[in-house]
Amino acid sequence: MRIPSKLSADLKALFEPQVGVPPEVDRAVMDRAHKHFAPLQSGKGRRLRVHWSWRIAAAAAVVIFAFSLDLTKQTGPATDRFSLSETQATDIDQNGRVDILDAFKLAKHIESTGPAETEWDINGDGLIDRSDVDVVALAAVRLDKEVL
Amino acid sequence: MNKITSIILAGICFIIPVLAQQSEQDYSTAQPGVRFALLHIYLDSGNRDLAAYQFELKAAAGQIKIVGVEGGQHKAFKEAPYYDPAALANDRIIIAAFSTGGDLPKGRTRIATIHLQIAGDAEPQYELKLTVAGNAEAKEIPAEITFEKGE
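Just so you know, these numbers come straight off a predicted model, no measurement behind them.

Draft legend 1. Molecular detail of the confidence of the model for chain A. Per-residue pLDDT for chain A averages 74, and the proportion of residues at 70 or more is 67%. Every residue in residues 72-87 of chain A is under pLDDT 50, and counting partners more than four places away or in other chains gives 22 contacts.

Draft legend 2. Looking closely at the sheet that holds strand β6 (residues 108-119) of chain B. All names here are of chain B. As summarised here, the arrangement of the four strands in space is β3-β6-β1-β8, forming an open sheet in which the pairing is antiparallel. Strands at the two margins of the open sheet, each flanked by one partner only, are β3 (63-70) and β8 (144-150). Going across the sheet, the axis of each strand differs from the next one's by a mean of 30°, ignoring polarity. Sheet topology note: the strand β1 (residues 34-44)/β6 ladder contains eleven bridges and is antiparallel. Counterpart to V34 in the pairing with β6 is A119.

Draft legend 3. Spotlight on helix α5 (residues 130-141) of chain A. Here α5 of chain A is twelve residues long and its end C-alpha atoms lie 17 Å apart, about the 16 Å a rise of 1.5 Å per residue gives. Here α5 of chain A has its buried residues at D132, V133, D134, V135, V136, A137, L138, A139, A140 and V141 of chain A. For α5 of chain A, the elements touching its buried residues are α4 (100-112) of chain A together with β2 (52-61), β4 (82-83) and β5 (92-98) of chain B.

Draft legend 4. Seen up close, the sheet that holds β4 of chain B. A sheet is described by the order of its strands in space; here four strands give the open sequence β4-β5-β2-β7 (chain B), paired in antiparallel fashion. With partners counted over all chains shown, the strands left at the sheet margins are β4 and β7 (125-134) of chain B, one partner each. Pairing between β4 of chain B and β5 of chain B: two bridges, direction antiparallel. Within β5 of chain B, the position partnered with Y82 of chain B by the bridge is A96 of chain B. Seen against the sheet, α5 of chain A touches β2, β4 and β5 of chain B and runs at an angle of roughly 145° to β5 of chain B.

Draft legend 5. Molecular detail of unusual backbone geometry. A positive phi angle, close to 55°, is found at Q94 of chain A, a residue other than glycine. Position of Q94 of chain A relative to the elements: it lies in the loop between α3 (43-72) and α4. Of the residues examined, Q94 of chain A has 8 C-beta atoms within 10 Å and is grouped as exposed. Phi is positive for A89 of chain B, which is not a glycine, with a value near 70°. Considering the arrangement of structural elements, one finds A89 of chain B in the loop between β4 and β5.

Rules and cut-offs
Residues numbered from 1 in each chain as written. Chains lettered and ligands numbered in written order. Predicted model: local features only at pLDDT ≥ 70, side-chain atom pairs only at ≥ 80, totals over all residues. pLDDT = per-residue confidence, 0-100. Contact = placed C-beta atoms within 7 Å. Pairing = 2+ DSSP bridges. Helix = DSSP H or I, 4+ residues; strand = E, 2+ residues; numbered from the N terminus. Axes fitted to C-alpha atoms, helices over the stretch in contact; angles between N-to-C directions. Expected span 1.5 Å × (residues − 1). Buried ≥ 20, exposed ≤ 12 C-beta atoms within 10 Å, placed from the backbone.

Structure representation (structure tokens):
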């Protein structure tokens, strides 16, 4: 199909950019873009990235090392007995001194299933049992006895 | 590159804690003049049954650390006795035990063994004091406490 030359000229005039980009400007833009991204493509850019990777790795190592010191620190011996700070030892025989005989008397009393004094529930769990004996015994061997 | 960095980081994560722990162990065992010893504690209650005891041990001289406590020879005191865990790595300890069983020792019996770490060449001196000994009725009885050094 042939388009009339007048129609072709009109369409060209209608859709052609009004302001064209001169090739010099286009080249200048492209040159600046290449200059800007050139270091990342070059060996220097790779060195920079490696350099930063090592810095990050070193920082991570320092943080991990700091944490590992805490992780490897030897903790004190574990005990499944009661924390003495949460309980108060009782002088069962009321001789003014808390020693192993207090724990022993309490243990004997529990075994004999005789009437128990409510104040012998040393740990306050509502029961008078072996755990109360342990609390009294641990109070007896406690190194800092100024609280007793 | 990222893969290599990840491998290095992972290696650091695993190696550093291991090295730190290793160096700590090396330090504790590589100190000059450190040795381990046992101290056997004996109690003589004469012809009375021994049902309970409590004593205190401390170093009068020398550098010691208490590192462990064992029970005694008689089955009434075979279990590990009571002691304050804070005494471990310390040079002072209070130890106590009792038995509500019927079979109780008489005479001289080993009631406990203490494991010690001794630093330096000086022979440590110990101060041992019996706080109380009791019979099956939980009454205080006279008794004599002694110790023997072991290896």
